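Here are the chains, one letter per residue:
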Amino acid sequence: MMEQKRQLEEMERYAYTIFRKDATGHDFYHMKRVAKMGRKIAFEEGADPFLTEAIGWMHDIGDHKLFDEPADAVAEAQGFLRRIGLEENVMREIFQACRNIPFSKGRTPDTLEGKIIQDADRLDAIGAIGIARTFAFGGAASRLIHWPNDPKHSSVQHFYDKLLKLKETLHTKTALRMAESRHAYMQDFLNRFFEEWEMPCDDIR
Ligand code: ADP
Ligand code: NI
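Conventions we followed
- Residues numbered from 1 in each chain as written.
- Chains lettered and ligands numbered in written order.
- Predicted model: local features only at pLDDT ≥ 70, side-chain atom pairs only at ≥ 80, totals over all residues.
- Heavy atoms only, no water.
- Donors = N, O, S within 2.8 Å, 3.2 Å for Na, K, Ca; no water.
- Tetrahedral: all angles 85-135°; square planar, octahedral: opposite > 155°, others 65-115°.
- Helix = DSSP H or I, 4+ residues; strand = E, 2+ residues; numbered from the N terminus.
- Buried < 20%, exposed > 50% of the residue type's maximum accessible area, 1.4 Å probe, protein only.
- Patch = residues over 30% accessible without salt bridge, like charges linked within 9 Å, V, L, I, M, F, W, Y side chains within 5 Å.
- Areas by Shrake-Rupley, 256 points an atom, 1.4 Å probe, with all protein chains shown as cover.
- Salt bridge = Lys/Arg side-chain N within 4 Å of Asp/Glu carboxyl O.
- Lys, Arg positive; Asp, Glu negative; His and termini not counted.
- Charge placed at Lys NZ, Arg CZ, Asp CG, Glu CD.
- Axes fitted to C-alpha atoms, helices over the stretch in contact; angles between N-to-C directions.
- Parallel < 35°, antiparallel > 145°, perpendicular 65-115°, else oblique.
- Contact = heavy atoms within 4.5 Å.
- 1 Å grid on protein atoms, 1.4 Å probe; cavity = no way out; pocket = protein on both sides within 12 Å on 5 of 7 lines; lining within 4 Å.
- Points joined across faces, edges and corners; volume = space filled by probe spheres on them.
- Nonpolar A, V, L, I, M, F, W, Y, C, P; charged D, E, K, R; others polar.

Participant: Any chance you could explain the coordination of the nickel ion (ligand 2) here in plain terms?
Facilitator: Perfect tetrahedral coordination of a metal by four donors corresponds to 109.5 degrees between them, and perfect octahedral coordination by six donors corresponds to 90 or 180 degrees. Within the first shell, the nickel ion (ligand 2) binds the protein through H30 (NE2), H59 (NE2), D60 (OD) and D121 (OD), at distances of 2.1 to 2.4 Å. If you look at the nickel ion (ligand 2), its four donor atoms make angles of 85 to 176° with each other, and the shape they trace is irregular. Positions of the donor residues of the nickel ion (ligand 2) along the chain correspond to the pattern H-x28-H-D-x60-D. Linking D60 in the loop between α3 (49-58) and α4 (70-83) with D121 in helix α6 (residues 112-123), this pair joins segments that are 61 residues apart in sequence. In this pair, the class of D60 matches that of D121, namely buried.

Participant: Even after reading the chapter, I still don't get a negative patch on the surface, so can you show me in this structure?
Facilitator: A grouping of D68, E69, D72 and E76 is seen on the molecular surface, where their side chains present a negatively charged patch. By the element assignment, D72 lies in helix α4.

Participant: In this structure, what is going on with the packing of helix α1 (residues 2-19) against helix α2 (residues 28-45)? I would like to understand it.
Facilitator: Helix-helix packing is characterised by the crossing angle of the two axes and by the distance between the axes. At their nearest, the axes of α1 and α2 sit 8 Å apart, and the two run at 150° to each other. As far as their axial angle goes, α2 and α1 are roughly antiparallel. Taking contact as the criterion, the partners of L8, E12, A15, Y16 and F19 in α1 are, on α2, F28, M31, K32 and R39.

Participant: Can you help me understand the layout of surface pockets in this one?
Facilitator: Of the voids in this model, the largest pocket is the one considered here, and its volume is about 620 Å³. Around the largest pocket sit 31 residues that line it, and H26, K65, F137, H158 and K162 are the ones nearest its centre. Of all the secondary structure elements, the ones that give two or more residues to the lining of the largest pocket are α6, α7 (127-140) and α8 (155-161). The greatest single-element share of the lining of the largest pocket, amounting to five residues, is contributed by α7. Here the lining of the largest pocket is composed, by residue class, of seven nonpolar, 14 polar and ten charged. Here the second largest pocket defines a volume of roughly 260 Å³. Looking at the second largest pocket, it is lined by 16 residues, and the ones nearest its centre are I61, G62, D63, R99 and K105. Going through the elements one at a time, α4 and α5 (88-100) are the ones with two or more residues in the lining of the second largest pocket. In terms of residue count, α5 provides more of the lining of the second largest pocket than any other element does, three residues in total. Its residues assigned to classes, the lining of the second largest pocket comprises six nonpolar, four polar and six charged.

Shown next as structure tokens:
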């Protein structure tokens, strides 16, 4: 137990060194929210809290959007986990889950712990935090906030392409319960956004 607590603290420090400078919404605090939210859901759902939190800390390592050399990033993280004393089979389980978590992959992790982190990652993409992350990501990728005549690449379009659909993809009841109000808040935000957008005059389009 004490050993696992120390290992999770080491993982937190590792996530801090890797992600602290990220300005695309995948910063240290995204990892922290996903790891801790995952741990909370794990207790509710009867999953292994250690394994779940560990997957949470590691889940964005090797993501192709975030790393120039994804394979090197994964290899380095595996070396780190070995040094802090994780067993090979636990490590394999962590990275096996991480490979299936990203939305872009369209896959479902095969363990409950992996599914929980996929849920926690998606919860962090909706609600107030999700709204903030979307515009941060969009800005970092030079996307426009909103462009009515050509909405394809705007951040507002991302709500319709992905974020409003996430609630339906969650695996656990616990995450679904938390998603309801976050989903409603995004819809309120979009209604307000278009209301204010239209307000100055009728022909701003
Ligand atoms: P995943 O880790 O599940 O693959 P992403 O890393 O692609 O998900 O997305 C994480 C967050 O980054 C999204 O929830 C969203 O806030 C933001 N994001 C991703 N793609 C876009 C986009 N095209 N426009 C605006 N925001 C985006
Ligand atoms: Ni993530």
